[in-house]
Amino acid sequence: MNFFTFHDYYNNQVKLAFSSNPFSEQPGHVWVICVFKDQWLLTHHPRRGLEFPGGKVEAGETPQEAAKREVWEETGGEVNTIEYIGQYEVKGKADTVVKNIYFATIEDLIEKADYMETKGPVILENLPRDRKSLSNYSFIMKDEVLTHSLQFLSDNGLLP
Ligand code: GTP
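**Q** I'd like a description of the packing of aromatic side chains, backed by residues and values.
**A** Pairs of aromatic rings are described using the distance from one ring centre to the other and the angle between the two planes. For the structure on display, the rule yields 9 aromatic pairs. Between Phe 3 and Phe 23, the ring centres sit 5.9 Å apart and the planes meet at 70 degrees, which makes this aromatic pair edge-to-face. With a gap of 20 residues between them, Phe 3 in the segment before strand S1 (4-7) and Phe 23 in the loop between strand S2 (13-17) and strand S3 (29-36) connect regions that are remote in the sequence. Ring geometry for Trp 40 versus Phe 52: centroids 6.0 Å apart, planes at 65 degrees, classification edge-to-face.

So, in structure tokens, the structure goes:
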């Protein structure tokens with residue numbers, strides 16, 4: 001199988017591939033690269049900082065349902081289109097996490113009183129290139145998962 005390997009911000013080993021479920025048929029986590037009106041839609045996690053929304057797949061949900069739910073819970077974004085683009089595996093100190101990556105376009109952003117465990121939506125015209133050195137960005141935005149995903153979206157003409 002053709003996959004990328006690298007180390008994340010915390011030096012955990014990561015494998016990433018843009019193919020159908022390369023590491024698990026039942027990933028426990030999802031992560032959603034969101035675009036709203038030609039801008040990026042992120043959430044502000046109180047401890048980790050700015051990141052694309054995501055989280056754990058709950059019992060009885062498909063990963064894609066979890067992806068839509070997490071976008072809604074963490075940003076108030078209503079998904080217009082969503083597609084699976086790839087999957088990555090992080091070998092952490094304690095356990096191994098497998099995460100599906102989705103690309104979503106958001107049709108509406110609804111203001112809510114509660115954004116679950118986050119501070120809610122953040123809209124950005126551009127993603128900074130030097131994310132690694134920016135303390136207000138989450139560690140999950142600082143490894144090559146995002147870089148390769150943006151390249152994949154660009155190569156496949158998916159970016160607006
Ligand atoms: P909660 O139960 O929500 O508090 O989660 P947790 O702290 O147990 O973490 P989780 O199960 O989400 O992930 C476990 C570990 O996997 C994290 O501490 C990270 O080291 C790693 N991890 C999870 N998601 C990502 C990711 O998107 N990228 C990278 N590089 N590592 C991740």
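**Q** Give a description of the environment of Leu 146 that names residues and reports values.
**A** As for its placement among the helices and strands, Leu 146 is situated in helix H2 (residues 144-155). In contact with Leu 146, not counting residues within four places along its chain, are Trp 31, Ile 33, Phe 52, Leu 127, Arg 131 and Met 141.

**Q** Quick rundown of the site of the ligand? Include the residues and the values.
**A** Surveying the vicinity of the ligand reveals the residues Asp 8, Asn 12, His 29, Lys 56, Tyr 88, Val 90, Val 97, Lys 99, Phe 139, Ile 140 and Asp 143. In the model, a nitrogen atom of the ligand is placed 2.8 Å from a nitrogen or oxygen of the Asp 8 side chain. For the ligand, the protein covers 57% of the area, taking 620 Å² as the surface of the free molecule. When atom positions are compared with the pocket grids, the ligand is found to occupy the largest pocket. Going through the elements one at a time, strand S7 (77-91) and strand S8 (96-109) are the ones with two or more residues in the shell around the ligand. Along the lines of polarity and charge, the residues of the shell around the ligand split into 5 nonpolar, 2 polar and 4 charged.

Calculation rules
- Residues numbered from 1 in each chain as written.
- Predicted model: local features only at pLDDT ≥ 70, side-chain atom pairs only at ≥ 80, totals over all residues.
- Heavy atoms only, no water.
- Phe/Tyr/Trp six-rings, centres within 6.5 Å; stacked < 30°, edge-to-face > 60°.
- Helix = DSSP H or I, 4+ residues; strand = E, 2+ residues; numbered from the N terminus.
- Contact = heavy atoms within 4.5 Å.
- Near = heavy atom within 4 Å.
- Polar contact = N/O pair within 3.5 Å; in protein donor to acceptor, adjacent residues only side chain to side chain.
- Areas by Shrake-Rupley, 256 points an atom, 1.4 Å probe, with all protein chains shown as cover.
- 1 Å grid on protein atoms, 1.4 Å probe; cavity = no way out; pocket = protein on both sides within 12 Å on 5 of 7 lines; lining within 4 Å.
- Sits in = over half its atoms within 2 Å of the grid points.
- Nonpolar A, V, L, I, M, F, W, Y, C, P; charged D, E, K, R; others polar.

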